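So you can see what is in the structure, the chains are spelled out below.
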Amino acid sequence: MSKTKSFIISKQAVWDSYLKVKSNQGAAGIDQCSIAAFEEDLKNNLYKIWNRMSSGSYLPPPVLRVEIPKGDGKMRALGIPTVADRIAQTVVKSTLEPELETLFHPDSYGYRPKRSARHAVALARKRCWKHDWVIDLDIKGFFDNIPHDLMMRAVKKHTNERWVVLYVERWLKAPVQTRDGIVEERTLGTPQGGVISPLLANLFLHYAFDQWMQSNHPANPFERYADDVVVHCNTEAEAMRLKSDIAKRMEQCGLELHPEKTNIIYCQDANRTEENHLHSFDFLGFCFRPRLSRNKNGRYFVNFSPAIAPKAKQEIFSEIRQWRMHRRSELSVKELANQLNPVVRGWIEYYGAFFRSELTFLMYHLDKLIYRWVIRKYKKHGSNFKRAEKWVKRIKRMSPNYFAHWGLLNA
């Protein structure tokens, strides 16, 4: 390695980062260069990244802003870096993350190795059984409003690598460009969609929230997944005081709790029967509320538990509509199953972890769409829905696991 370089960054680190970016795929940035296009001159492109990062001359290009629909009908802005920039960000993330992982709170679950949203939901369920009240926190525009000065102070505290500090600061300040070519400067926040952004978000909230809670309110456990947070309390009065304290803490850190989306929830069940309180909240795609459950003796009781949230159901329905399954008559049954199964298995694995029965209506919906596909593909069935249904059920008897959701329906 040349001794004239300003920073010591190995070529292996750049190669390993490229492999991670390749495995995650992702869309092209403002340069419209896809991963496939990047690989057409792979050796030279990777050398440019290494050379510029090692010399201190790497300057991140603007981030492409795209908007995707949220569950409430509004739009969420995402920032898509170029492929080369995602590789550069991964180099820094791979250097910084091991140091920060030893720092982070055990109840922080978002975008961390060997931790998942399901782990956070499972722990929230257990704690809702023990604590009567929950504060459902919503930080207003969190990713767009992180103060850069506080962010950089935290980064500098946990690395001695000058190049890590240099490039994190450049990424924070990198402008955003719309599809129309309009470039906007950024003085706050870190764009959702960047490789380094989730790690920076966790670091910021470690000091803004996690460590503050541990020091000031150690008796109130919480689960945090990025900026989605629930806090457990024993009484309504305690919850109200703590909500006020958290709001003040967020203000100190340049953030704000959403006044309409931050709520205090009563964990109502068979033994907790107070009325006139909010008794449901959404967390990571699950709705926590009183539900009729059955114990090991077969007796029914009211339990405060999670199941797939209505918003998550609507998002799934929206994705299914975009498939336009009934028009894919060029596919064979096997090809159709191969396209559907990976996605459907993911839904079942995640949302079926709690109150699996809440997914059955969705699975029946998929079967009806398959019937429509059969009618369109096999003209001999005409428009007879019953005959198409009979055809599908015959396949189901012969191969009950052909489609991923059939196992759920037969369970």
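Residues numbered from 1 in each chain as written. Predicted model: local features only at pLDDT ≥ 70, side-chain atom pairs only at ≥ 80, totals over all residues. Heavy atoms only, no water.

Undergrad: How would you sum up helix H3 (residues 42-55)? Please name residues and give values.
TA: Taking 1.5 Å of rise per residue, 14 residues should cover 20 Å, and H3 covers 20 Å from first to last C-alpha, within 8% of that figure. Turning to H3, the residues buried within the fold contact helix H1 (11-24), helix H2 (35-38), helix H4 (83-101) and helix H8 (162-173). The first or second residue beyond H3 is glycine 56, which carries a positive phi of 85°. (Helix = DSSP H or I, 4+ residues; strand = E, 2+ residues; numbered from the N terminus. Expected span 1.5 Å × (residues − 1). Contact = heavy atoms within 4.5 Å.)

Undergrad: How would you sum up the sheet that holds strand S2 (residues 75-80)? Please name residues and give values.
TA: Here 4 strands make up an open sheet; going across it, the order is S2-S1-S4-S5 and the pairing mixed. Both outer strands of the open sheet, S2 and strand S5 (183-184), are each paired with one neighbouring strand and no more. The pairing of strand S1 (residues 63-69) with S2 spans 6 bridges and is classified as antiparallel. Its bridge partner being in S2, arginine 65 is matched across the sheet by glycine 79. (Pairing = 2+ DSSP bridges.)

Undergrad: Give me the packing of aromatic side chains: which residues, what numbers.
TA: Counting across every chain of the model gives 19 aromatic pairs. Judged by centre distance (5.2 Å) and plane angle (50°), the ring pair of tryptophan 15 and tyrosine 18 falls under tilted. One end of the pair, tryptophan 15, and the other, tyrosine 18, are both in helix H1, 3 residues apart, so they sit about a helical turn from each other. The exposure class assigned to tryptophan 15 is partly exposed, which follows from its relative accessible area of 36%. By way of ring pairs, the aromatic residues Phe286, Tyr350, Tyr351 and Phe354 are connected into one cluster. (Phe/Tyr/Trp six-rings, centres within 6.5 Å; stacked < 30°, edge-to-face > 60°. Buried < 20%, exposed > 50% of the residue type's maximum accessible area, 1.4 Å probe, protein only.)

Undergrad: Break down the pattern of salt bridges for me, with residues and values.
TA: In the structure shown here, the tally under the stated rule is 13 salt bridges. Note that arginine 272 and aspartate 132 form a salt bridge whose closest N and O atoms lie 3.1 Å from each other. With a gap of 140 residues between them, arginine 272 in the loop between strand S8 (263-266) and strand S9 (281-283) and aspartate 132 in the loop between helix H5 (117-130) and strand S3 (133-138) connect regions that are remote in the sequence. Arginine 272 gets classed as buried once you look at its relative accessible area, which sits at 8%. (Salt bridge = Lys/Arg side-chain N within 4 Å of Asp/Glu carboxyl O.)

Undergrad: Break down the nonpolar core for me, citing the residues and quoting the values.
TA: By size, the foremost hydrophobic cluster in this structure holds 65 residues, and its most contacted members are Met53, Phe209, Val231 and Ile246. If you tally residues by element for this core, the top one is helix H9 (residues 197-216), at 11 residues. With residues up to four places along the chain from it excluded, the contact list for valine 231 reads Trp133, Val134, Ile135, Leu137, Phe209, Met213, Asn220, Pro221, Phe222, Leu242 and Ile246. Of all hydrophobic cores here, the second largest spans 53 residues; its members include Ala117, Cys128, Ile316 and Leu408. (Core = buried A, V, L, I, M, F, W, Y, C linked by side-chain atoms within 4.5 Å.)

Undergrad: Let's hear about the pairing of strand S6 (residues 222-225): which residues, and what values?
TA: Burial along S6 is two-sided: the face carrying Phe222 and Arg224 and the face carrying Glu223 and Tyr225 are both buried. Between S6 and strand S7 (residues 228-233), which pair antiparallel and follow one another directly, the connecting turn spans 2 residues, one of which, alanine 226, has a positive phi of 55°.

Undergrad: Go over the sheet that holds strand S10 (residues 286-294) with me, naming the residues and quoting the values.
TA: In spatial order, the strands read S9-S10-S11; together these 3 strands make up an open sheet with antiparallel pairing. Two strands lie at the open edges of the sheet, namely S9 and strand S11 (300-308), each paired on one side alone. Within this sheet the neighbouring strands show an average axis-to-axis angle of 50°, counted without direction. Sheet contacts for helix H11 (residues 310-323): S9, S10 and S11; angle to S11, the most-contacted strand, approximately 45°. (Axes fitted to C-alpha atoms, helices over the stretch in contact; angles between N-to-C directions.)

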